[in-house]
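Architecture at a glance
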Amino acid sequence: MAGSMAGITAVICTYPLDMVRVRLAFQVKGEHKYMGIIHAFKMIYTKEGGFSGFYRGLMPTVVGMAPYAGFSFFTFGTLKSIGLAQAPNLLGRPSLDNPDVLVLKTHVNLLCGGIAGAIAQTISYPLDVTRRRMQLGAVLPDSEKCLTMVQTLKYVYQQHGIRRGLYRGLSLNYIRCIPSQAVAFTTYELMKQFLCLN
């Protein structure tokens with residue numbers, strides 16, 4: 001619970017920066033609506049309703065955090081348990097802090113973390129698409145159809161379907177999330193050993 005609240009607090013505090021980043025990244029060469037970071041902040045604030053303009057798409061982000069983290073940890077824990085139960089000599093080694101406890105070898109940790117990240121990302125990705133669509137709402141021609149999370153999900157599904165709508169760009173996202181989660185889970189497991197938590 002504490003981790004979830006910390007994550008949500010971090011997202012709320014940094015969300016305006018993400019909004020500006022998305023807007024600046026979306027600009028096409030020659031069609032610059034924003035002249036830089038400060039200008040983007042000023043324009044969003046003055047043209048899109050003050051502070052609330054910086055938080056378009058926050059709800060799918062917050063809602064998507066729970067399934068992403070839940071499925072990620074569940075998948076990693078399940079793969080770890082099955083691996084150590086089925087092939088302890090092949091996949092496991094004694095923990096650095098407690099030789100009586102088996103932990104995954106580093107390369108197996110990386111693999112399990114990457115798989116966990118891929119599964120979690122696949123499950124929560126439609127909410128990521130929804131968030132991005134809502135963040136870009138004011139600069140897209142169909143912005144009035146993407147005001148709420150449910151409206152946006154329905155609109156994207158009706159206009160583009162599942163594969164080319166709700167999961168558009170997922171393969172590129174795997175390039176980022178799989179290595180990230182692989183390293184994150186491996187670091188987590190190593191830190192548990194260094195801090196004598198096994």
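1. Here's the deal with the pattern of salt bridges
Applying the stated criterion across every chain yields a total of 8 salt bridges. Residue Asp18 is joined to Arg21 by a salt bridge in which the shortest nitrogen-to-oxygen separation is 2.6 Å. Residue Asp18 and its partner Arg21 are located together in helix H1 (residues 2–26), separated by 3 residues, close to a single helical turn. On the basis of relative accessibility, which here comes to 18%, the residue Asp18 falls in the buried class. It is possible to trace a salt-bridge network through shared partners that takes in Asp18, Arg21, Asp128, Arg131 and Arg132.

2. Describing the side chain of Ser95
Here Ser95 lies in the loop between strand S1 (92–94) and strand S2 (102–104). Within the local environment of Ser95, its side chain forms a polar contact with the side chain of Asp97, the two groups lying 2.3 Å apart. Looking at Ser95, its side chain comes within polar contact range of the side chain of Asn198, at 3.0 Å. Leave out the neighbours within four places in its chain, and Ser95 touches Val101, Val103, Gln193 and Asn198.

3. Section: unusual backbone geometry
Even without a glycine there, the phi angle at Cys196 is positive, about 60°. Among the secondary structure elements, Cys196 is positioned in the segment after helix H8 (170–194). Given the relative accessible area of 57%, Cys196 is considered exposed.

4. Let's talk about the layout of surface pockets
Counted as a void, the largest pocket has a volume near 950 Å³. Of all the elements in the fold, those that place two or more residues in the lining of the largest pocket are H1, helix H3 (58–86), helix H5 (106–135), helix H6 (149–160), helix H7 (162–166) and H8. Its residues assigned to classes, the lining of the largest pocket comprises 14 nonpolar, 10 polar and 9 charged.

5. A few points about H5
The terminal C-alpha atoms of H5, which comprises 30 residues, lie only 38 Å apart, well short of the 44 Å expected from a rise of 1.5 Å per residue. The largest bend in H5 amounts to roughly 55° and is located at Ser124, with the proline Pro126 lying one to four residues further along. Buried residues dominate H5, accounting for 21 of its 30 residues.

6. Quick word on the environment of Tyr34
For Tyr34, the location among the structural elements is in the loop between H1 and helix H2 (37–47). According to the relative accessible area criterion, Tyr34 is buried, its value standing at 3%. For Tyr34 and Ile119, which are 85 residues apart along the polypeptide, the C-alpha to C-alpha distance reads 36 Å. Aside from chain neighbours lying at most four places away, what touches Tyr34 is Arg23, Leu24, Gln27, His39, Ala40, Met43, Ile44, Glu48 and Val139. Within polar-contact distance, the side chain of Tyr34 engages the side chain of Arg23 at 2.8 Å.

7. A word on H6
Taking 1.5 Å as the rise per residue, H6 with 12 residues should run 16 Å; its terminal C-alpha atoms sit 16 Å apart, in good agreement. Buried within H6 we find Met149, Thr152, Tyr155 and Val156. Projected down its long axis, H6 shows its buried positions confined to an angular sector of 130°, all on one face. Set apart from the buried face of H6 by more than 90 degrees, the exposed residues are Lys154 and Gln158.

8. Looking at the packing of aromatic side chains
Scanning all chains against the criterion turns up 7 aromatic pairs. Taking 5.3 Å as the distance between ring centres and 75° as the angle between the ring planes, the aromatic pair formed by Tyr45 and Phe51 counts as edge-to-face. Owing to a relative accessible area of 59%, Phe51 belongs among the exposed residues under this scheme. With centroids separated by 5.1 Å and ring planes inclined at 75°, the aromatic side chains of Phe73 and Phe185 adopt a geometry described as edge-to-face. Of this pair, Phe73 sits in helix H3 while Phe185 sits in helix H8; the two residues are 112 residues apart in sequence, bridging distant segments of the chain. One aromatic cluster is present, formed by Phe73, Phe76, Phe185 and Tyr188 through successive ring pairs.

About the cut-offs
Residues numbered from 1 in each chain as written. Predicted model: local features only at pLDDT ≥ 70, side-chain atom pairs only at ≥ 80, totals over all residues. Heavy atoms only, no water. Salt bridge = Lys/Arg side-chain N within 4 Å of Asp/Glu carboxyl O. Helix = DSSP H or I, 4+ residues; strand = E, 2+ residues; numbered from the N terminus. Buried < 20%, exposed > 50% of the residue type's maximum accessible area, 1.4 Å probe, protein only. Polar contact = N/O pair within 3.5 Å; in protein donor to acceptor, adjacent residues only side chain to side chain. Contact = heavy atoms within 4.5 Å. 1 Å grid on protein atoms, 1.4 Å probe; cavity = no way out; pocket = protein on both sides within 12 Å on 5 of 7 lines; lining within 4 Å. Points joined across faces, edges and corners; volume = space filled by probe spheres on them. Nonpolar A, V, L, I, M, F, W, Y, C, P; charged D, E, K, R; others polar. Expected span 1.5 Å × (residues − 1). Bend = angle between axes of the 7 residues up to and from the residue. Arc of directions from axis to C-beta. Phe/Tyr/Trp six-rings, centres within 6.5 Å; stacked < 30°, edge-to-face > 60°.

Any functional reading would require information beyond the geometric quantities listed.
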